[in-house]
Structure formats: structure tokens, C-alpha cells
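As a plain string of letters, each chain reads:
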Amino acid sequence: MAAGIGALRFPDVLSRLHAATKPQVLGLAVVLLAIVLRVPSWGVVSTVVLIMTFQLLTQPMTAHMLGRASYRSDALRRDLLIRDDLGRDIAEYERERDDDPAR
């Protein structure tokens, strides 16, 4: 419910990503805990640990890549950014690429 409310109410893509990823990880953890409590065996516990580890490793990366894609496609509100590190890095890269005599 929190992810749905956040996706509807927050003003830009980056806020919505935050609202969608945090409850999703917490919800999965609660469901996996319920599975372990229902079927307490070493096979189930090891599978649940692998699933949660994979989720914790991939979810932040996925949100990061979606945020970068939304930034590059101008799908976010730049007036809400406090600090624009990615814009600075892109401008620096383009400046170095233009100054490269090999190109």
C-alpha cells in the first residue's frame, strides 16, 4: 500500500522509485520469513537466504539504473534536485571527449 500511495503522490521519478523499492524489499522479507516459519527446514532456509541476498543486491542497482535512464531521457523534474552530480559528470565527459584530438 505504501508503494502504491508513493507512486501516485510523489512528484517525480526519483521519489517514486524510492517509494516503490523500499516497501517491495520489506514485503519480500516478510513473505520469506513467513515461508521459513511455515516450513522450517534447512533447504527452505538456505533458499530464502539466497533469494533475499539476491534481492538486496539487485534492487538498489535496478533503481539506480532506472533513475539514470529517467535522468537521461528528461523524465524527471530537475527543479527538485538538490545536487546534480550526474549532470556535472556528463558535462565533464562531453568536454573531455570534444577536446580529444584522436576523435
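Above: the structure in question.
Calculation criteria
- Residues numbered from 1 in each chain as written.
- Predicted model: local features only at pLDDT ≥ 70, side-chain atom pairs only at ≥ 80, totals over all residues.
- Heavy atoms only, no water.
- 1 Å grid on protein atoms, 1.4 Å probe; cavity = no way out; pocket = protein on both sides within 12 Å on 5 of 7 lines; lining within 4 Å.
- Points joined across faces, edges and corners; volume = space filled by probe spheres on them.
- Helix = DSSP H or I, 4+ residues; strand = E, 2+ residues; numbered from the N terminus.
- Nonpolar A, V, L, I, M, F, W, Y, C, P; charged D, E, K, R; others polar.
- Buried < 20%, exposed > 50% of the residue type's maximum accessible area, 1.4 Å probe, protein only.
- Polar contact = N/O pair within 3.5 Å; in protein donor to acceptor, adjacent residues only side chain to side chain.
- Patch = residues over 30% accessible without salt bridge, like charges linked within 9 Å, V, L, I, M, F, W, Y side chains within 5 Å.
- Areas by Shrake-Rupley, 256 points an atom, 1.4 Å probe, with all protein chains shown as cover.
- Salt bridge = Lys/Arg side-chain N within 4 Å of Asp/Glu carboxyl O.
- Lys, Arg positive; Asp, Glu negative; His and termini not counted.
- Charge placed at Lys NZ, Arg CZ, Asp CG, Glu CD.
- Axes fitted to C-alpha atoms, helices over the stretch in contact; angles between N-to-C directions.
- Parallel < 35°, antiparallel > 145°, perpendicular 65-115°, else oblique.
- Contact = heavy atoms within 4.5 Å.
- Expected span 1.5 Å × (residues − 1).

Caption draft 1: Layout of the layout of surface pockets. Empty space within the largest pocket amounts to approximately 270 Å³. Around the largest pocket sit 14 residues that line it, and Leu14, Tyr71, Leu81, Arg83 and Leu86 are the ones nearest its centre. Among the secondary structure elements, those contributing two or more residues to the lining of the largest pocket are helix H3 (42-72) and helix H4 (85-99). Broken down by element, the residue count for the lining of the largest pocket peaks at 5 residues, all from H3. Of the residues contributing to the lining of the largest pocket, the split by class is 8 nonpolar, 2 polar and 4 charged.

Caption draft 2: Fine view of the environment of threonine 47. In this fold, threonine 47 is placed in helix H3. Threonine 47 gets classed as partly exposed once you look at its relative accessible area, which sits at 41%. A sequence separation of 22 residues divides threonine 47 from valine 25, and the C-alpha atoms of the two residues are 16 Å apart. Reaching out from threonine 47, the side chain makes a polar contact with the backbone oxygen of glycine 43 at a distance of 2.8 Å.

Caption draft 3: Here's a closer look at a negative patch on the surface. On the surface, a cluster of negative charge is contributed by Glu92, Glu94, Glu96, Asp98, Asp99 and Asp100. If you trace the backbone, glutamate 96 turns up in helix H4.

Caption draft 4: Just the packing of helix H2 (residues 13-38) against H3, in detail. Between H2 and H3, the shortest axis-to-axis distance is 10 Å and the interhelical angle comes to 175 degrees. With respect to each other, H2 and H3 are oriented roughly antiparallel. Contact with H2, carried on its side by Val13, Leu14, Leu17, Thr21, Gln24, Val25, Leu28, Ala29, Leu32, Ile35 and Val36, involves Val44, Val45, Val48, Ile51, Met52, Gln55, Leu56, Gln59, Ala63, Leu66, Gly67 and Ser70 of H3 and no other residues of that element. Tallied by class, residues from the contact of H2 with H3 come to 17 nonpolar, 6 polar and no charged.

Caption draft 5: Main features of H4. Across its 15 residues, H4 extends 21 Å between first and last C-alpha, which sits within 8% of the 21 Å expected from 1.5 Å per residue. Lining the buried residues of H4 we find H3. Two or three places before glycine 87, at the opening of H4, aspartate 84 has a side-chain oxygen 3.0 Å from that residue's backbone nitrogen.

Caption draft 6: Here's a closer look at the side chain of threonine 21. Mapped onto the fold, threonine 21 is located in helix H2. By relative accessible area, threonine 21 is classed as buried at 10%. Excluding its chain neighbours within four sequence positions, the residues that come into contact with threonine 21 are Gln59 and Ala63.

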